[in-house]
Amino acid sequence: MQRENEAQPDRAPPSRGVAGDATRTAALCPTLDLVAHDRYRYSAITRRPHFLWPGGKRLAVYIGFNLEHFAFGEGLGAELCPGGPHPDVLNYAWRDYGNRVGVWRLLRLFGDLDLPVSVLANSAIYHYCPEVMDAFRARGDEIVGHGRTNSERQGVLAPEEERRLIEEATDIIARSEGRRPLGWLGPWISQSPVTPDLLAEAGYQYLLDWCMDDQPVWFTTRNGGRILSIPYPQELNDIPSIVGRKDNGEQFATMITDTFDEMLEQSAGQSLVMGIALHPYLVGQPHRLRPLRRALQAIVARRDDIWITTAGGISAFSRTLPDGIVPA
């Protein structure tokens, strides 16, 4: 099958429509002319081929653990409460609690429950608090590229500037870990029209920015390439939940257990991916850590029924499946 983004130049005007279904839709509704990304086709999850995860499991569960560092006195950053003009000491210090205290509480929790994690790391963490990365390296956790800092977005950059951001973050991780990261999550889930192309060309095997599915999906990239999209949650994510909707720790923990119970039931007929996105400055706070512990304990109690893994583990296994199993 010819790939629709083949030989697409940087920042080319987005194409319109998707071959096949879009042509039929246009015939039925000739005034409809929506801009499309052309990265993947529509695929109803109920009509896909069946497959099993390793060990014959049907539900894969992973934790995406975000380690982020922020500029002082400028740039972006989540807020506990509406901040004043820079330097916004209240919110900067609240976020820094995650790297000084919260991360160590969560490391102990992950160890107690024997939970692997995918560490989504700003490369600035290696300079600011390298002992944190030493601790995750000692555990053997996967390291995922997460930009340089969450004080910036990559999607607003010109192509060469974005390429440089990806290269800089990748090089720091590779030098520190002795191997390059294979997965990427953009700071603030920020992508330009060519981000998947740049990631594939930089040697990345998967990205986490798109939350449109409960299974991996192949993305088309230019020049006949492709990159895998692994489901990363924006609902089961403590920033949209706690910062955005102002949920408390109990509500977020209930979301985790309700999602797990429902997806475990759904997976009886179809293999699925459940991700949990965490930030130490949020769930590392004592009043949120306690209900999170209960939620994760409920998941590990069903360890024999599920595949507890990493985003990279899901990507590696998905790439071994025959063509046509993973939607594209």
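Structure's up top.
Just so we're clear, the structure is a prediction, and the values are computed from it rather than from any experiment.

Caption draft 1: Up close: the overall build of the chain. Helix and strand counts for the chain come out as eleven helices and nine strands. Its C-alpha atoms give the chain a radius of gyration of 20 Å, within 12% of the compact-globule value 20 Å for 328 residues. Dimensions of the chain, computed from C-alpha atoms along their principal axes, come out at roughly 55 × 45 × 40 Å. A buried classification covers 51% of the 328 residues belonging to the chain. A total of about 14900 Å² of accessible surface is found on the chain, and carbon and sulfur atoms cover 53% of it. Separation between the mean location of the 34 positive side-chain charges and that of the 41 negative ones in the chain comes to 2 Å.

Caption draft 2: Examining helix H5 (residues 159-177) more closely. The terminal C-alpha atoms of H5, which comprises 19 residues, lie 27 Å apart, in line with the 27 Å expected from a rise of 1.5 Å per residue. In this structure, the buried side of H5 is in contact with strand S2 (118-121), helix H3 (125-128), helix H4 (130-139), strand S3 (142-145), strand S4 (183-184) and helix H6 (195-201). Just downstream of H5, Gly178 is the residue with a positive phi angle, here 80°.

Caption draft 3: Local environment of the packing of aromatic side chains. The tally for this structure, following the rule as stated, stands at 13 aromatic pairs. Ring centres of Trp210 and Phe219 lie 5.1 Å apart, and the angle between their planes is 80°; this geometry places the pair in the edge-to-face category. Taking relative accessible area as the criterion, Trp210 reaches 23% and is therefore assigned partly exposed. Measuring from ring centre to ring centre gives 6.1 Å for Trp307 and Phe317, while their planes differ by 65°; the resulting arrangement is edge-to-face. Here Phe317 lies in helix H11 (residues 311-318) and Trp307 lies in strand S9 (residues 307-308), a separation of ten residues in the sequence. Clustering of aromatic rings is evident, with ring pairs tying together Phe51, Trp53, Trp307 and Phe317. Over the ring of Tyr204 we find Arg180, and its NZ or CZ is 4.5 Å from the ring centre. Against the face of Trp218 rests Arg226, its NZ or CZ located 3.6 Å from the ring centre.

Caption draft 4: Summary view of the packing of helix H8 (residues 249-266) against helix H10 (residues 286-300). Where H8 contacts H10, the axes come no closer than 8 Å and their chain directions differ by 10°. The angle between the axes of H8 and H10 places the two elements in the roughly parallel class. Contacts from Gly249, Glu250, Ala253, Ile256, Thr257 and Phe260 in H8 reach Arg288, Pro291, Leu292, Arg294, Ala295, Ala298 and Ile299 in H10. For the contact of H8 with H10, the residue count by class is eight nonpolar, two polar and three charged.

Caption draft 5: Fine view of unusual backbone geometry. Put simply, His86 and Pro87 share a cis peptide bond, and its omega is 0°. Mapped onto the elements, Pro87 comes out in the loop between strand S1 (59-67) and helix H2 (89-112). Its identity is not glycine, yet Asp38 carries a phi of approximately 60°, on the positive side. One can find Asp38 in the loop between helix H1 (21-28) and S1. Here Asn223, not a glycine, exhibits a phi torsion of approximately 60°, which is positive. Note on placement: Asn223 falls in the loop between strand S6 (217-221) and strand S7 (225-229). For Asn223, a relative accessible area of 57% translates into the label exposed.

Caption draft 6: Seen up close, the environment of Glu177. Looking at the element boundaries, Glu177 is found in helix H5. For the pair Glu177 and Arg137, spaced 40 residues apart in the sequence, the C-alpha separation amounts to 7.5 Å. Those residues in contact with Glu177 that sit more than four places away from it in its chain are Tyr126, Met133, Arg137 and Ile143. For Glu177, the side chain forms a polar contact with the side chain of Tyr126, separated by 2.7 Å.

Caption draft 7: Structural view of H11. Judged by how many residues are buried, H11 sits mostly within the fold: six of eight residues are covered. Along H11, the residues classified as buried are Ala311, Gly312, Gly313, Ile314, Ser315 and Ser318.

Caption draft 8: Spotlight on the pairing of S7. With two bridges joining them, strand S5 (residues 206-207) and S7 adopt parallel strand pairing. In the strand pairing of S7, Leu207 is matched with Ser229. With five bridges connecting them, S6 and S7 associate as antiparallel partners. Bridge pairing in S7 places Val217 opposite Ser229.

Caption draft 9: A negative patch on the surface, seen in detail. Together, Asp258, Asp261, Glu262 and Glu265 make up a region of like negative charge exposed at the surface. The residue Glu265 is located in helix H8 in this model. Here Glu265 falls in the exposed class, since its relative accessible area comes to 61%.

Cut-offs used in this document
Residues numbered from 1 in each chain as written. Predicted model: local features only at pLDDT ≥ 70, side-chain atom pairs only at ≥ 80, totals over all residues. Heavy atoms only, no water. Helix = DSSP H or I, 4+ residues; strand = E, 2+ residues; numbered from the N terminus. Rg over C-alpha atoms; globule rule 2.2 N^0.38 Å. Buried < 20%, exposed > 50% of the residue type's maximum accessible area, 1.4 Å probe, protein only. Areas by Shrake-Rupley, 256 points an atom, 1.4 Å probe, with all protein chains shown as cover. Lys, Arg positive; Asp, Glu negative; His and termini not counted. Charge placed at Lys NZ, Arg CZ, Asp CG, Glu CD. Expected span 1.5 Å × (residues − 1). Contact = heavy atoms within 4.5 Å. Phe/Tyr/Trp six-rings, centres within 6.5 Å; stacked < 30°, edge-to-face > 60°. Lys NZ or Arg CZ within 6 Å of the ring centre and 35° of its normal. Axes fitted to C-alpha atoms, helices over the stretch in contact; angles between N-to-C directions. Parallel < 35°, antiparallel > 145°, perpendicular 65-115°, else oblique. Nonpolar A, V, L, I, M, F, W, Y, C, P; charged D, E, K, R; others polar. Polar contact = N/O pair within 3.5 Å; in protein donor to acceptor, adjacent residues only side chain to side chain. Pairing = 2+ DSSP bridges. Patch = residues over 30% accessible without salt bridge, like charges linked within 9 Å, V, L, I, M, F, W, Y side chains within 5 Å. Salt bridge = Lys/Arg side-chain N within 4 Å of Asp/Glu carboxyl O.

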